[in-house]
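# Observations on the three-dimensional arrangement
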Amino acid sequence: MLNLQSPHFLRRVLLADAATCLATGLLLTLGADVLQPLLGLPQALLCEAGMLLYPFAALVLFTATRPQLPRMLVWVIVISNALWAFDSAMLLLAGWVTPTLPGKAFVVVQALAVALFAELEFFGLRRQAAVA
């Protein structure tokens, strides 16, 4: 459980973000052929989304393991997560794809999870600035 008052809160959120990015990237790239019929999302979209997560996970992990968390990199992560969540919503709302019901649920759940990471990281940044 995350302790909101812990001085390590932001670092722990970043580590969790990196781990989930890596896990999701592996799921999407290695399982795209199995996921495509279930989710109704194009296999290329699943693979490309998964491939984008590898360098992002590396950036988040790099940031989380610095002795002092670089605020600018954390801001890049917060904004990137917010954009991912927004783009996921637009994927469904704009009708760019026609996913199955499980596919819609997958897009919504992962978008909400990424938005939650963005919010927690933003909260961590604000808390870190208030303490400093």
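As a starting point, this report considers the structure included with it. Throughout, a residue's number is its position along its own chain's written sequence, starting from 1. Per-residue local features of the predicted model are confined to residues with pLDDT of at least 70, and side-chain atom pairs are confined, for both listing and counting, to 80 or more; whole-chain, interface and lining totals are unaffected and use all residues. Values reported for side chains reflect all heavy atoms of the structure, with hydrogen atoms and water molecules removed beforehand.

### Some words on a nonpolar patch on the surface
Together, Met72, Trp75, Val76, Ile79 and Leu83 make up an exposed nonpolar region whose accessible area comes to about 480 Å². Think of it this way: any DSSP run of H or I at least four residues long counts as a helix, any run of E at least two long counts as a strand, and we number them from the N terminus. Locating Met72 in the fold gives a position in helix H4 (residues 71-93). Surface patches are defined over residues having more than 30% relative accessible area and no salt bridge, joining like charges when they lie within 9 Å and nonpolar side chains (Val, Leu, Ile, Met, Phe, Trp, Tyr) when within 5 Å. Under the convention used here, a 1.4 Å probe and the Shrake-Rupley method define accessible areas, while residue burial counts only the protein chains that appear. Whenever a carboxyl oxygen of Asp or Glu lies within 4 Å of a side-chain nitrogen of Lys or Arg, that contact is scored as a salt bridge.

### Let's talk about the packing of helix H1 (residues 9-30) against helix H2 (residues 32-39)
The angle between the axes and the distance between the axes are what describe a pair of packed helices. Orientation of H1 relative to H2, taken along the N-to-C sense of each, is 85°, at an axis distance of 5 Å. Here H1 lies roughly perpendicular to H2, going by the angle between them. Within the contact between the two elements, H1 uses Leu27, Leu28, Thr29 and Leu30 and H2 uses Ala32, Asp33 and Leu35. All residues other than Ala, Val, Leu, Ile, Met, Phe, Trp, Tyr, Cys, Pro, Asp, Glu, Lys and Arg, Gly among them, are scored as polar; the first ten of these are nonpolar and the last four charged. In terms of residue class, the contact of H1 with H2 is built from 5 nonpolar, 1 polar and 1 charged. Every axis corresponds to a line fitted to the C-alpha atoms, with the helix fit spanning only the stretch in contact, and the corresponding angles, defined between N-to-C directions, vary from 0 to 180 degrees. By the definition adopted for this analysis, an angle is roughly parallel if under 35 degrees, roughly antiparallel if over 145, roughly perpendicular if from 65 to 115, and oblique otherwise. The criterion used for residue contact is that any of the two residues' heavy atoms lie within 4.5 Å.

Read these as layout, nothing more, since geometry by itself doesn't imply function.
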